[in-house]
Amino acid sequence: MFNPPHAGHIELARAALGELGLECVLLVPSLIPSHKPVIWDPGADRRAQMCRLASSDESRIKVCTVELERPGPSYTVDTLRSIHDSHPDAELTLILGADMAATLDSWREPGEIVGLARVAVAQREGVSREQVMATLGPLGASERADFLTMSPRDISSSQVRRALTSGQPIEPLVGAEVAAYINEHELYGRTPATSGSGGGA
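Only a predicted model underlies this, so the values are computations on that prediction, with no experimental measurement involved.

A. Summary view of the overall build of the chain. Within the chain, the secondary structure is distributed over 9 helices and 7 strands. Whereas a compact globule of 201 residues would reach a radius of gyration of roughly 17 Å, the chain reaches 17 Å, a difference of no more than 12%. Along the three orthogonal principal directions, the C-alpha set of the chain runs to about 45 × 35 × 35 Å. When the 201 residues of the chain are sorted by exposure, 42% land in the buried category. Put simply, 76% of the contacts in the chain that link residues at least 6 apart link residues at least 24 apart. Looking at the chain as shown, the accessible area adds up to about 10200 Å², and 47% of this sits on carbon and sulfur atoms.

Here's what the structure looks like:
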């Protein structure tokens, strides 16, 4: 969702580029996340702009707005189908944290997801490789999964939002451009409004 994008997202994208030899990494902000309620959401367009700012120094990290152009909740399988249709010769890789990869069997059409894309898994504390493979194996993804060697970064979007509401500096967490954008537009500084959506990721 990138609410907001932070340094951990960019480091993960760099790691995937380097370790897997990818041509590029797409940051895909969602219109309406399907897997969890939205809290403190400044809006999809602003999240997309923050992604552009966060990746502005990285020529091989790009922002893809396909989910913003499609109404309703954002499902990963639909996004992969759309990218595959527009780039039929590209080999797609879905980059996930281990915590999300371990829940992939609960997402919409998980078998189709692993058919459309390899899965690159970033380490997360408390989630083992065995737990991830216990989910991916039955989906037929045992030979289509890569585990990134980068150490997990102790940073999250919720941590950034908490820092903002408590008046702590966020530039070390999100970078100068995203921090300036958040401050300029006074994002994440008001009473949170929650909107929910059903379904799996």
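This is not the end of the story, as more comes after the structure.
B. Expanded view of the sheet that holds strand 5 (residues 117–122). Strand order in the open sheet made by the 3 strands is 4-5-6, with parallel pairing throughout. If you trace the sheet from one side to the other, it starts and ends with strand 4 (92–97) and strand 6 (145–147), each paired once. Taking each pair of neighbouring strands and ignoring which way they run, the sheet shows an average axis angle of 25°. Inspection of the sheet shows strand 4 paired to strand 5 by 6 bridges, in the parallel sense. Bridging from a neighbouring strand, Leu-96 pairs with Val-121 of strand 5. Packed on one face of the sheet, helix 6 (residues 129–136) meets strand 5 and strand 6 and runs near 170° to strand 6.

C. Summary view of the nonpolar core. Met-50, Ile-170, Val-174, Val-178 and Ile-182 are the most contacted members of the largest nonpolar core, which has 32 residues in total. Leu-80, Ala-101, Val-119 and Val-121 belong to the second-largest nonpolar core, a separate cluster that totals 21 residues.

D. Spatial organisation of the side chain of Asn-3. Structurally, Asn-3 can be placed in the segment before helix 1 (7–20). Its relative accessible area of 4% is what places Asn-3 among the buried residues. Side chain to side chain, Asn-3 and Tyr-188 meet in a polar contact 2.7 Å long.

E. Region of the structure containing helix 3 (residues 76–86). For helix 3, every residue scored as buried is listed here: Thr-76, Val-77, Thr-79, Leu-80 and Ile-83. Along the axis of helix 3, the buried positions cluster into a sector of 160°, meaning they face one direction only. Along its buried surface, helix 3 packs onto strand 1 (25–27), strand 4, helix 5 (110–116) and strand 5.

F. Representation of the pattern of salt bridges. Applying the stated criterion across every chain yields a total of 7 salt bridges. The closest approach of N and O atoms between Asp-41 and Arg-47, which form a salt bridge, is 2.8 Å. Judged by its relative accessible area of 0%, Arg-47 falls in the buried class. What you see here is one network of salt bridges that share partners, running through Asp-78, Arg-81, Glu-109 and Glu-112.

G. Inspection of the packing of aromatic side chains at higher detail. According to the stated counting rule, one finds 0 aromatic pairs in the structure shown. Note that Arg-108 overlies the ring of Tyr-75, its terminal NZ or CZ placed 3.8 Å from the centroid. The cationic tip of Arg-129 hangs over the ring face of Phe-147; the distance from NZ or CZ to the ring centre is 4.2 Å.

H. Looking closely at the environment of Ala-48. Along the chain, Ala-48 falls in helix 2 (residues 44–54). By relative accessible area, which is 2% here, Ala-48 ends up buried. Each C-alpha atom of the pair Ala-48 and Val-28 lies 8.0 Å from the other, and the pair is 20 residues apart in sequence. Those residues in contact with Ala-48 that sit more than four places away from it in its chain are Pro-29, Val-63 and Leu-68.

Basis of the calculations
Here the residue numbers are simple positions, counted from 1 along each chain's written sequence. For this predicted model, a pLDDT threshold of at least 70 governs which residues receive local features, and a threshold of 80 or more governs which side-chain atom pairs are given and counted, while totals over whole chains, interfaces and linings are taken from all residues. Each side-chain value is derived from all of the structure's non-hydrogen atoms; neither hydrogens nor water enter the calculation. Runs of E in the DSSP output that reach at least two residues are strands. Runs of H or I that reach at least four are helices, and both are numbered from the N terminus. Throughout, radius of gyration means the C-alpha value; the globule benchmark is 2.2 Å times the number of residues raised to the power 0.38. For every residue, the accessible area (1.4 Å probe, protein chains only) is compared with the maximum for its type, and the residue is labelled buried under 20%, exposed over 50%, or partly exposed between those bounds. Here, residues are in contact when the closest pair of their heavy atoms is within 4.5 Å. Accessible surface area values rest on a Shrake-Rupley calculation with a 1.4 Å probe, where residue burial reflects the displayed protein chains alone. At least two DSSP bridges between two strands are required for those strands to pair. As a rule, the C-alpha atoms of each element are fitted with a line to give its axis, helices using only the stretch in contact, and angles between N-to-C directions run from 0 to 180 degrees. Among the buried residues, those of types Ala, Val, Leu, Ile, Met, Phe, Trp, Tyr and Cys that are joined through side-chain atoms within 4.5 Å form a nonpolar core. Identification of polar contacts relies on pairs of N or O atoms within 3.5 Å, with a donor-acceptor requirement for protein atoms, meaning one able to donate a hydrogen and the other able to accept it, and with residues adjacent in sequence counted only if both atoms are side-chain atoms. The arc in question is traced by the directions running from the helix axis to the C-beta atoms. Salt bridges are defined by distance alone: a side-chain nitrogen of Lys or Arg within 4 Å of a carboxyl oxygen of Asp or Glu. Ring pairs shown here join Phe, Tyr and Trp side chains whose ring centres sit within 6.5 Å, with only the six-membered ring taken for Trp; geometry is labelled stacked below 30 degrees between planes, edge-to-face above 60, and tilted in between. By the criterion adopted, a ring carries a charge over it if an Arg CZ or a Lys NZ lies within 6 Å of its centre and within 35 degrees of its normal.

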